[in-house]
Amino acid sequence: DRTEIDGGIMEGGGQILRVSTALSCLLGLPLRVRRIRAGRSQPGLRPQHLSGLEMIRDLCEGKLEGGEIGSTEIIFTPGKIKGGTHIADTKTAGSVCLLMQVAMPCVLFAASPSELHLKGGTNAEMAPQIDYTVMVFKPIVEKFNFTFNCDIKKRGYYPQGGGEVVVQMSPVKELSPINLTERGTVTKIYGRAFVAGALPIKLAKDMSSAAVRCIRKEIRDLYVNIQPVREPDDQACGTGSGIIIVAETSTGCLLAGSSLGKRGKNSDKVGIEAAEILLRNLKHGGTVDDSLQDQLIIFMALAKGVSRVKSGPITLHTQTAIHFAEQLTKAKFTVTKSEEEDPSKDTYIIECQGMGMINPNL
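Owing to the predicted nature of the structure, the values given are computational and were not obtained by experimental measurement. (Residues numbered from 1 in each chain as written. Predicted model: local features only at pLDDT ≥ 70, side-chain atom pairs only at ≥ 80, totals over all residues. Heavy atoms only, no water.)

Asker: With reference to specific residues and values, describe the UniProt feature "active site" (unreviewed entry) in the chain.
Answerer: UniProt tags His317 as "active site" (unreviewed entry). Checked against the element boundaries, His317 lands in helix H9 (residues 316–328). Here His317 falls in the partly exposed class, since its relative accessible area comes to 33%. (UniProt positions renumbered as here; feature names shortened; annotations may be inferred. Helix = DSSP H or I, 4+ residues; strand = E, 2+ residues; numbered from the N terminus. Buried < 20%, exposed > 50% of the residue type's maximum accessible area, 1.4 Å probe, protein only.)

Asker: I'd like to hear about the packing of helix H5 (residues 201–218) against helix H6 (residues 267–283), residue by residue, with values.
Answerer: Between H5 and H6, whose axes approach to 7 Å, the crossing angle comes to 35°. For the element pair H5 and H6, the recorded crossing hand is right-handed. Along the contact surface, H5 presents Leu203, Asp206, Met207, Ala210, Ala211, Arg213, Cys214, Ile215 and Glu218, while H6 presents Ser267, Asp268, Val270, Gly271, Ile272, Ala275, Glu276, Leu278, Leu279 and Lys283. Of the residues assigned to the contact of H5 with H6, the class counts are 11 nonpolar, two polar and six charged. (Axes fitted to C-alpha atoms, helices over the stretch in contact; angles between N-to-C directions. Left-handed = near helix turned anticlockwise from the far one by under 90°. Contact = heavy atoms within 4.5 Å. Nonpolar A, V, L, I, M, F, W, Y, C, P; charged D, E, K, R; others polar.)

Asker: Residues and numbers for the UniProt feature "domain: RNA 3'-terminal phosphate cyclase insert" (unreviewed entry) in the chain, please.
Answerer: Per the UniProt entry, the sites bearing "domain: RNA 3'-terminal phosphate cyclase insert" (unreviewed entry) are residues 181–282 in this numbering. Note that residues 181–282 is 33% helix and 36% strand, and that its end C-alpha atoms are spaced 14 Å apart.

Asker: Let's hear about the pairing of strand S5 (residues 84–89): which residues, and what values?
Answerer: For a regular strand, side chains alternate in direction, first toward one face of the sheet and then toward the other. Across six bridges, S5 lies against strand S6 (residues 114–120) in parallel orientation. Its bridge partner lying in S6, His86 is registered against Leu116. (Pairing = 2+ DSSP bridges.)

Asker: Tell me about the sheet that holds strand S17 (residues 348–353), residues and numbers included.
Answerer: Read from one edge to the other, the open sheet built from four strands follows the order S9-S15-S17-S16, with strand pairing classed as mixed. In this open sheet, the two strands that pair with only one neighbour each are strand S9 (179–180) and strand S16 (332–337). Here strand S15 (residues 306–311) runs beside S17; their pairing, made up of six bridges, is antiparallel. Looking at the pairing, Val306 lines up with Gln353 of S17. Packed on one face of the sheet, H9 meets S16 and S17 and runs near 150° to S16.

In structure tokens form, the structure reads like this:
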């Protein structure tokens, strides 16, 4: 009995595919996904979605029908999740971080340790930058009681990609729930502004200074340390630039703002954009930023027990992830306005009674 998924509702993008195929793989549920990415200007599978699906298929020795670029419908029949080495290559600047998002929940419940070789763009538009994954996502998601290693072998930028990241992780018996409801106070702000390829280090310095000036207007008493970096030529493919700024709090929360440079975009503007995103994420009083919110949903759904996360306004990505996690698992989510906050703040508590997934292999 196949579960039917409408890939065109709500957020209508690749995230629906990632959440539903990962859960299909974990729960052994055959799936049909229709209207794939119907909400996008170029609907259907793009190279990064296809390489992610093929990796999941190989991870669990499953079957995939309709796996072509541009396809708007797939049928996926999962098998048994196994560890070992798996390669996913978008052959474009498609995001390695999105490949990681689809594979990681699956390999946590594999029979043995896994090594994922993910190739594509490390710093791509419309996706978390690899720096975000390492600096923010990794330390927070590891609170679910697992660890992983993420080694950036080579950075790759739009349009050709060419980056490579190796992720190593061991399976777990089950995931612990998380409780991220105390924001604490901001204790430090740090980050990196990078250039690679044909761009001069001056641009990284400009991004960094503009970001620091912008943050200074709101937060005067903290030292802001944003390192300008030129990526070594042998560790970067193509030309790119960008910045990530992270705020760390007294309770161990990490919130960030990031931005990418592109042709014709002034480097001061790139720095200011990242600083403004960070400041906006700090203003709402939540313990997670907009980019992390939806990435935690699948882990909350799989964990054993009740997870609670305080966040700012609930993004459409998060609403979509919750919808499909509830459709496919026995997890139950509730989202309520946080009462103890100052009423002018838009703060919410996302609570989840997890399904308590147990690794049958361990």
